[in-house]
Amino acid sequence: MSTLIPTTAYLIRAIHEWCVDNALTPHLLVKVNAQTRVPMAFVQNGEIVLNINYTAVKDLHIDNDAVVFSARFSGVAQHIYVPIGRVAGVFARENSQGMFFEVTDGPAPEPVKTAELSKAEAAEPSAPKKSHLKVVK
């Protein structure tokens, strides 16, 4: 069986369309890293929230690999590139309804359905993951 395409990009497109159809403002929550191209002056605590409404962006394209568009920040046009795996969430500004995702450095992860876990996997507790965050003073 071939590898399935992750659902994250499809869900981002769906929530974006739902927001637009309901006259809400779609926003992306992005965890910034070296592959992310966003205006660093607006990044706080390694995150940036981007308005992706059609009135705020130009040439919005959400494919299975990345969210790409142009937007103005403080009057300066910027080209934005966000790998799908760095999108932490897509939501409506007005009511915060949307979806949130686990952030990865590679391809977007698939949600794990508990019904698909084997009994052996479900019985074994997994060790807590070590945080990738560093304390900066």
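Bear in mind the structure is a predicted one, so any value in this text is a computation, not a measurement.

Participant: If you had to explain the sheet that holds strand β2 (residues 47-51) to someone new, which residues and values would you point to?
Facilitator: Taken in spatial order, the 4 strands of this open sheet run β2-β1-β6-β7, and their pairing is antiparallel. Strand pairing shows two members of the sheet lacking a second neighbour, β2 and β7 (98-100), which therefore form its edges. Going from strand to strand, the sheet's axes swing by 15 degrees on average, the running direction of each strand aside. By the bridge criterion, 5 bridges tie strand β1 (residues 26-31) to β2 in an arrangement that is antiparallel. Following the sheet pairing, Lys 31 is matched in β2 by Glu 47. Running over the sheet, helix α1 (residues 8-21) touches β1, β6 (87-92) and β7 and is turned about 20 degrees from β6.

Participant: Lay out the packing of aromatic side chains with the relevant residues and their values.
Facilitator: In total, this model carries 2 aromatic pairs according to the counting rule given. For the pair Phe 42 and Phe 73, a centre-to-centre distance of 5.4 Å together with 45 degrees between the ring planes defines the contact as tilted. Residue Phe 42 is found in the loop between β1 and β2, and its partner Phe 73 is found in strand β4 (residues 66-73); the two are separated by 31 residues along the sequence. Take Phe 42: its relative accessible area is 38%, and that puts it in the partly exposed class. The buried category is assigned to Phe 73, whose relative accessible area is 15%. Each ring, one from Phe 91 and one from Phe 100, has its centre 5.8 Å from the other, and the planes form 20 degrees; the classification is stacked.

Participant: Please set out the pairing of β4 residue by residue, giving values where relevant.
Facilitator: Among the 8 residues in β4, 6 count as buried, and that is most of the element. When strand β3 (residues 57-62) meets β4, the two strands line up antiparallel, connected through 4 bridges. Across the sheet, the residue bridging to Lys 58 is Ser 70, located in β4. Joining the antiparallel neighbours β3 and β4 is a turn of 3 residues. Bridge analysis of β4 against strand β5 (residues 76-83) gives 8 bridges, and the strand direction is antiparallel. Residue Arg 72 lies in a different strand from β5, and its bridge partner there is Ala 77.

Participant: Tell me about the nonpolar core, and please be specific about residues and values.
Facilitator: Ranked by internal contacts, the top residues of the largest apolar core, which has 26 residues, are Ile 12, Leu 28, Leu 50, Val 67, Phe 69 and Val 82. Setting aside chain neighbours within four positions, we find Val 82 in contact with Val 30, Thr 36, Val 38, Leu 50, Asp 65, Ala 66, Val 67 and Val 87.

Participant: How would you summarise the sheet that holds β4 if you had to cite specific residues and measurements?
Facilitator: With respect to topology, 3 strands assemble into an open sheet ordered β3-β4-β5, the strand pairing being antiparallel. In this open sheet, the two edge strands, each paired with only one partner strand, are β3 and β5. On average, each strand axis in the sheet is tilted by 15 degrees relative to the strand beside it, whichever way the strands run.

Thresholds, definitions, all that
- Residues numbered from 1 in each chain as written.
- Predicted model: local features only at pLDDT ≥ 70, side-chain atom pairs only at ≥ 80, totals over all residues.
- Heavy atoms only, no water.
- Pairing = 2+ DSSP bridges.
- Helix = DSSP H or I, 4+ residues; strand = E, 2+ residues; numbered from the N terminus.
- Axes fitted to C-alpha atoms, helices over the stretch in contact; angles between N-to-C directions.
- Contact = heavy atoms within 4.5 Å.
- Phe/Tyr/Trp six-rings, centres within 6.5 Å; stacked < 30°, edge-to-face > 60°.
- Buried < 20%, exposed > 50% of the residue type's maximum accessible area, 1.4 Å probe, protein only.
- Core = buried A, V, L, I, M, F, W, Y, C linked by side-chain atoms within 4.5 Å.

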